[in-house]
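# Coordinate analysis (summary)
One-letter residues, chain by chain:
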Amino acid sequence: MDDQERTERTARGHRIAESLAERDVNAVAVTFVDTSGIARVKGVPTGAFERAAGWGVGATPVFDAFGADDSIASTPVANPAGDLRLLPDLDRVVPLAAQPGWAWAPADRLTQDGAAHPGCTRQLASRMVDRMAEHGLTARSAFEVEWIVYAGGNPDDPVPAVAGPAYGMTRLIEVSDYTVDLLRALAGQGVDVLQLHPEYSPGQFELSVAAESPVAAADTAVLVRTTIRAVAARHGLAVSFAPAVFPGGVGNGGHLHLSFARDGRNLFAGGDRRFGLTEDAEAFMAGVLARLPALLAVGAPSVASYLRLLPSHWAGTFACWGLENREAAVRLVTGSVGEHDTAANVEVKCIDQSANPYLLTAAVLAAGLAGLEERAVLPEPVQQDPAALSEGERVERGVTRLPTALADSLAAFAAEPTLTGAFGPELTETLLAVRQAEIDKFAGASPEKIIAATRWRY
Ligand code: GLU
Ligand code: MG
């Protein structure tokens, strides 16, 4: 950041602070997401926001080494000396409906010299979006959010807030005030919600939002989860976005939808490849498909993630793709006849919300870009539950089971130059150390113990 930029940001920060004060906002929660997927925050009083806009807010680089349990992995980047600056995105400052007096802004992390911090996942995602632009491609994405609503009770054995059936109207009636307050809050914060519905697991709901530019979509994922939690708290409810909530059950996914356009034309529709894919969209999807084991170290980054990744649980546990196939890790969504151009996109399903959404966006874009550059082609699609194929059929069709443990994903990540190259040595080393610390922590732990230890962390 140069002096002129700082001067402009300071002036804008001043105007924003004034308008926030007029709206009775007292403070801004400035967030970033760490390597283990936890949104961390610094609160800035509105009166100090002008300075924060220009100079950022201090934050230790040690956050990079934090695990989801707040333990600190042993890595050279976890140096207690030194400081980073959290620079709030001034375009994204928004008062929080369910936290009166608070506004929120996502932050980039800069060094004290004003350069991008190598561990800043938000700027990494932004650089991957720029690389797409070098190919003439404009990407759009959206995260689906699934969560369980609990009525309280014993934190180790919480009671779902609703008893009604999966997808049932009964379930919606049971939390009618909560869900409508949530929709109001999100609308008031400028989030374009497409739908909300009761999901499969006891107490589970899902909310989907419109696609937007990828970094904005990752910001929205943070804002949506924050809002779901805050509105729930005002209703005396507790929520969990954890990948696994009971052993053997359907967990909380965090599927990523993505498409891209050239000259305004969506390349996931109207092409001459299968199901209307263009060559570029196919190559991108093939690049992602080929790197799923490594991507899981980013998208299914907790030990608990592997308790969710069960075949025939809609979590996408086989490396294959299919048209509208909810059991394929990579699902092509085309939408209905007449709306393909706006609706068609690829959905990555094998990922959950213990992932850092910025890092995951960067990783999926890096994998897709590698596919584009290799002109990769897709294998035959799978149009049934891959778990129902015989082992021989799977071998013949090249359908493999994705890693069943974090250690296997981590080994695949370490051996995947597309991802380690995009992330750079510092972030790669940090990720490996943080994940290894979590693996060590849960070595030999039962599913019950892992779930109990992670349910309230996400
Ligand atoms: N809850 C499922 C998962 O763990 C996803 C259900 C769905 O298809 O939306 O990913
Ligand atoms: Mg769902």
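Above: the structure in question.
Here goes a summary of the coordinates provided. For clarity, every value in this text was computed on a predicted model and none was experimentally measured. (Residues numbered from 1 in each chain as written. Chains lettered and ligands numbered in written order. Predicted model: local features only at pLDDT ≥ 70, side-chain atom pairs only at ≥ 80, totals over all residues. Heavy atoms only, no water.)

### A look at a negative patch on the surface
Among the surface-exposed residues, Asp-2, Asp-3, Glu-5 and Glu-8 lie close enough to one another that they form a single negatively charged patch. Turning to its location among the elements, Glu-5 is positioned in helix H1 (residues 3-22). With relative accessibility at 38%, the residue Glu-5 sits in the partly exposed group. (Patch = residues over 30% accessible without salt bridge, like charges linked within 9 Å, V, L, I, M, F, W, Y side chains within 5 Å. Areas by Shrake-Rupley, 256 points an atom, 1.4 Å probe, with all protein chains shown as cover. Salt bridge = Lys/Arg side-chain N within 4 Å of Asp/Glu carboxyl O. Lys, Arg positive; Asp, Glu negative; His and termini not counted. Charge placed at Lys NZ, Arg CZ, Asp CG, Glu CD. Helix = DSSP H or I, 4+ residues; strand = E, 2+ residues; numbered from the N terminus. Buried < 20%, exposed > 50% of the residue type's maximum accessible area, 1.4 Å probe, protein only.)

### With respect to the site of ligand 1
Around ligand 1 lies a shell formed by Glu-146, Glu-199, Glu-206, Val-250, Gly-251, Gly-253, His-255, Arg-308, Trp-314 and Lys-349. The side chain of His-255 places a nitrogen or oxygen atom 2.7 Å from an oxygen atom of ligand 1. Arg-308 places a polar side-chain atom, nitrogen or oxygen, 2.7 Å from an oxygen atom of ligand 1. In a pocket analysis with a 2 Å cut-off to the grid points, ligand 1 is assigned to the largest pocket. Classifying every residue of the shell around ligand 1 gives 2 nonpolar, 3 polar and 5 charged. (Near = heavy atom within 4 Å. Polar contact = N/O pair within 3.5 Å; in protein donor to acceptor, adjacent residues only side chain to side chain. 1 Å grid on protein atoms, 1.4 Å probe; cavity = no way out; pocket = protein on both sides within 12 Å on 5 of 7 lines; lining within 4 Å. Sits in = over half its atoms within 2 Å of the grid points. Nonpolar A, V, L, I, M, F, W, Y, C, P; charged D, E, K, R; others polar.)

### Notes on empty space enclosed by the protein
Across all of its chains, the model carries 4 cavities of 30 Å³ or more by this definition. In terms of lining, the largest cavity is formed by Val-33, Asp-34, Thr-35, Asp-64, Arg-109, His-117, Gly-119, Thr-121, Asn-356, Glu-426, Leu-427 and Thr-430. Here the lining of the largest cavity takes 3 residues from helix H14 (residues 417-441), the largest share from any one element. Its residues assigned to classes, the lining of the largest cavity comprises 2 nonpolar, 6 polar and 4 charged. (Points joined across faces, edges and corners; volume = space filled by probe spheres on them.)

### Some remarks on the state of the cysteines
In total, this model carries 0 disulfides according to the counting rule given. With no disulfide of its own, Cys-350 lies 10 Å from the sulfur of Cys-320, the closest cysteine sulfur. With relative accessibility at 1%, the residue Cys-350 sits in the buried group. (Disulfide = S-S within 2.5 Å.)

### Some details on H1
Here H1 contains 20 residues, and its C-alpha end-to-end distance of 29 Å stays within 8% of the 28 Å for a straight helix at 1.5 Å per residue. Among the residues of H1, those classed as buried are Arg-6, Arg-9, Gly-13, Ile-16, Ala-17 and Leu-20. For H1, the angular spread of buried residues about the axis comes to 105°, placing them on one side. Turned more than 90 degrees away from the buried face of H1, the exposed residues are Gln-4, Thr-7 and Glu-22. Lining the buried residues of H1 we find strand S1 (27-33), helix H2 (49-55), strand S4 (84-88), strand S5 (94-95) and strand S6 (102-111). (Expected span 1.5 Å × (residues − 1). Arc of directions from axis to C-beta. Contact = heavy atoms within 4.5 Å.)

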